[in-house]
Amino acid sequence: MAGNKRRRTSGGFHTTRGDLLSTVSPSSASQPTFLSTFDRASRYPIFHTFCDCLTIAEIVALTQTCKKFSGLYQYLLSSQWDVDQALRRYVEDPQGFRSQMARYDALIFGNFAVQYFERNIWSCKRLVVYILQGRGSQLFSKYLSTIAGYSEVKLKEYGPDRPAMETRTFKKDADRKFEIRLHSTTCLPAQYILERSDSTADVNILSWNKAYSVFPLPTFIQHKSYLLQDLDKSARQSARKYSQRGWDVQGVMWPEEERRNHPIRERRRVGDRYTWTIPFDTRKVEWSKTPDYVLEHACFKMDLSMNYDNEEFYDRYQSVRYYPIEANILESKVLKHTYVYGGVDMIDFFSPRLHSFIILELYKLDPAQRPTNYKQILKYPDNIDGALGDFDQPANWTYRDDEFPKWYKAFEQYQPE
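Quick look at the structure, then. Because the structure is predicted, anything quoted here is derived from the model rather than measured. (Residues numbered from 1 in each chain as written. Predicted model: local features only at pLDDT ≥ 70, side-chain atom pairs only at ≥ 80, totals over all residues. Heavy atoms only, no water.)

1. Overview of the overall build of the chain
Of the regular secondary structure elements, the chain holds 17 helices and 15 strands. Going through the 417 residues of the chain one by one, you find that 48% of them count as buried. Considering only intrachain contacts with a sequence separation of at least 6, the fraction spanning at least 24 residues in the chain is 68%. As presented, the chain carries roughly 21,200 Å² of accessible surface, and 49% of it is formed by carbon and sulfur atoms. (Helix = DSSP H or I, 4+ residues; strand = E, 2+ residues; numbered from the N terminus. Buried < 20%, exposed > 50% of the residue type's maximum accessible area, 1.4 Å probe, protein only. Contact = heavy atoms within 4.5 Å. Areas by Shrake-Rupley, 256 points an atom, 1.4 Å probe, with all protein chains shown as cover.)

Printed below as a string of structure tokens:
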């Protein structure tokens, strides 16, 4: 048994030097030491049983104690954060499930995502998936009911208090206690998640090939959760849930608290340096046609105005303070994909670039390819995207999506925090 486990995980360890956490140390056979307990070959069961009991904060702390443990986290990724093993509770073919997620740009959110990062299993047996309304949502539903072994039991449409959303609930045929809830939104799933999350502990996302924890320091190292919504019914339930499970739920950070390298800051994006990102094994998964940088540049802006020197701080005695998040949709005729941005100043930075490239593409078209209102557009080019309307870009039209990460980096330098 131990031999089989060694073969399964032997290739997943990455270090900066070949002698770090070596499989057998010269002295371990004759003089066992604490460090020799972590020899994977000679004491494999002890090593993994010990690691199973460590929190991520303890794993990180252990990697900083000595060179022998410096690569511990990287080695544990393949076993302690095995997404397919976690998904196997819900689907028999996790790679096939992730292939469907890749095909339709679906995202996993909610309790499952928190449990995945926390390496824990709660009593909740619900997997929550967000997907854009339309044909992709219909085909994903069909996959669940015809291939994944689920049956639809309920459809619920939410009212005007939140962005239009449709929820389908699927129960597992083999065990009705397990369910998958498919939320189909009219906005991008990433935008919905960012704007509707109740607290920082909620903002954990799993795509087909990566997991993203946007606020990992407070959530999984400090076990703190800060509010992102006013305390309505949903936010109160969320706060109660996290408090019961050991999180210290707070409204906001006070001005005197340590903020160095803290992920709570005005400008953020999914996949930035403050995000905990875990890559998945994709060798048996159908790849998405949407580049990773689209989700990883889902940008948002946090309102940090609750400071002692701000009059607004004293005006909100009626409510528990929280961090509102702003996330908007960015579309353009020279962008093949739809993006999420935060703040007017960001769109003001991007708009001249997009505008310029649209004009350039119009000039490059042959007369027969141009829109019927071509001359009018060039004469009054203020809202050129709107003026083009349903214009179908020809095959020789050049898209500028690959420039987006570069533009965002330039924006960060232009707008330093």
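2. Some words on the nonpolar core
By size, the foremost hydrophobic cluster in this structure holds 52 residues, and its most contacted members are Trp-81, Phe-97, Phe-140, Leu-206 and Ile-278. Setting aside anything within four residues of it in sequence, one finds Ile-278 in contact with Tyr-73, Leu-77, Trp-81, Tyr-116, Phe-117, Asn-209, Lys-210 and Ala-211. Among the nonpolar cores identified, the runner-up in size contains 29 residues, and Ala-190, Leu-194, Ile-205 and Ile-264 belong to it. (Core = buried A, V, L, I, M, F, W, Y, C linked by side-chain atoms within 4.5 Å.)

3. Here's the deal with the environment of Tyr-242
Considering the arrangement of structural elements, one finds Tyr-242 in helix H11 (residues 233–244). Separated by 40 residues in sequence, Tyr-242 and Asp-202 have C-alpha atoms that sit 9.5 Å apart. In contact with Tyr-242, not counting residues within four places along its chain, are Val-114, Ser-199, Ala-201, Asp-202, Trp-247 and Val-249.

4. Re the pairing of strand E11 (residues 276–279)
Residues Trp-276 and Ile-278 point to one face of E11 and are all buried, whereas Thr-277 and Pro-279, pointing to the other face, are not buried. The sheet contact formed by strand E7 (residues 210–213) and E11 spans 4 bridges and is antiparallel. Considered in E11, the bridge of Tyr-212 is made with Thr-277. (Pairing = 2+ DSSP bridges.)

5. Details of the sheet that holds strand E10 (residues 267–269)
Spatially, E10-E12-E13 is the arrangement adopted by the 3 strands of the open sheet, whose pairing is antiparallel. Looking at which strands have only one partner, the edges of the open sheet turn out to be E10 and strand E13 (325–326). Note that E10 and strand E12 (residues 299–302) share 3 bridges and pair antiparallel. Pairing of Arg-268 across the sheet is with Phe-300, part of E12.

6. A look at helix H7 (residues 111–118)
In terms of residue burial, H7 counts as a mostly covered element, since 7 of its 8 residues are buried. Turning to H7, its buried residues are Asn-111, Phe-112, Ala-113, Val-114, Gln-115, Tyr-116 and Phe-117.

7. Considerations on the packing of aromatic side chains
One pass over the full model with this rule turns up 27 aromatic pairs. For the ring pair Tyr-73 and Trp-81, a centre distance of 5.6 Å and an interplane angle of 65 degrees mean the geometry is edge-to-face. A relative accessible area of 18% places Tyr-73 in the buried class. Owing to a relative accessible area of 3%, Trp-81 belongs among the buried residues under this scheme. Relative to Phe-178, the ring of Tyr-90 lies with its centre 5.5 Å away and its plane at 85 degrees, an arrangement referred to as edge-to-face. Here Tyr-90 is found in the loop between helix H5 (83–87) and helix H6 (94–104), whereas its partner Phe-178 is found in the loop between strand E4 (165–172) and strand E5 (179–185), with 88 residues between them in sequence. Each member of the pair, Tyr-90 together with Phe-178, is buried. Over the ring of Phe-215 we find Arg-268; its NZ or CZ atom is 5.4 Å from the centre of that ring. (Phe/Tyr/Trp six-rings, centres within 6.5 Å; stacked < 30°, edge-to-face > 60°. Lys NZ or Arg CZ within 6 Å of the ring centre and 35° of its normal.)

8. A few points about the packing of H6 against helix H8 (residues 135–146)
Axis separation between H6 and H8 bottoms out at 10 Å; the angle between their running directions is 170 degrees. Between H6 and H8, the angle falls in the class roughly antiparallel. Contacts between H6 and H8 involve Gly-96, Phe-97, Gln-100, Met-101 and Tyr-104 from the former and Gly-136, Leu-139, Phe-140, Tyr-143 and Leu-144 from the latter. Across the contact of H6 with H8, the residue classes tally to 7 nonpolar, 3 polar and no charged. (Axes fitted to C-alpha atoms, helices over the stretch in contact; angles between N-to-C directions. Parallel < 35°, antiparallel > 145°, perpendicular 65-115°, else oblique. Nonpolar A, V, L, I, M, F, W, Y, C, P; charged D, E, K, R; others polar.)

9. Some words on the packing of helix H3 (residues 56–63) against helix H4 (residues 72–80)
Taken N-terminus to C-terminus, the directions of H3 and H4 make an angle of 145 degrees; their axes are 9 Å apart at the nearest point. Every residue of H4 that contacts H3 at Ile-56, Ile-59, Leu-62 and Thr-63 is listed here: Leu-72, Tyr-73 and Leu-76.

10. Details of the pattern of salt bridges
Between side chains of opposite charge, a pair can form when the charged atoms approach closely. What the rule picks out here adds up to 18 salt bridges. Here Lys-301 and Glu-266 are joined by a salt bridge, their closest N and O atoms 3.6 Å apart. Residue Lys-301 is located in strand E12, and its partner Glu-266 is located in the loop between strand E9 (248–250) and E10; the two are separated by 35 residues in the primary sequence. Here Asp-345 makes a salt bridge to Arg-267, at a shortest N to O gap of 2.4 Å. A residue pair is termed long-range when its members are at least 10 positions apart, and Asp-345 in helix H14 (residues 344–364) and Arg-267 in strand E10 qualify at 78 residues. Residues joined in a network through salt bridges with shared partners are Arg-126, Lys-171, Glu-179 and Arg-181. (Salt bridge = Lys/Arg side-chain N within 4 Å of Asp/Glu carboxyl O.)

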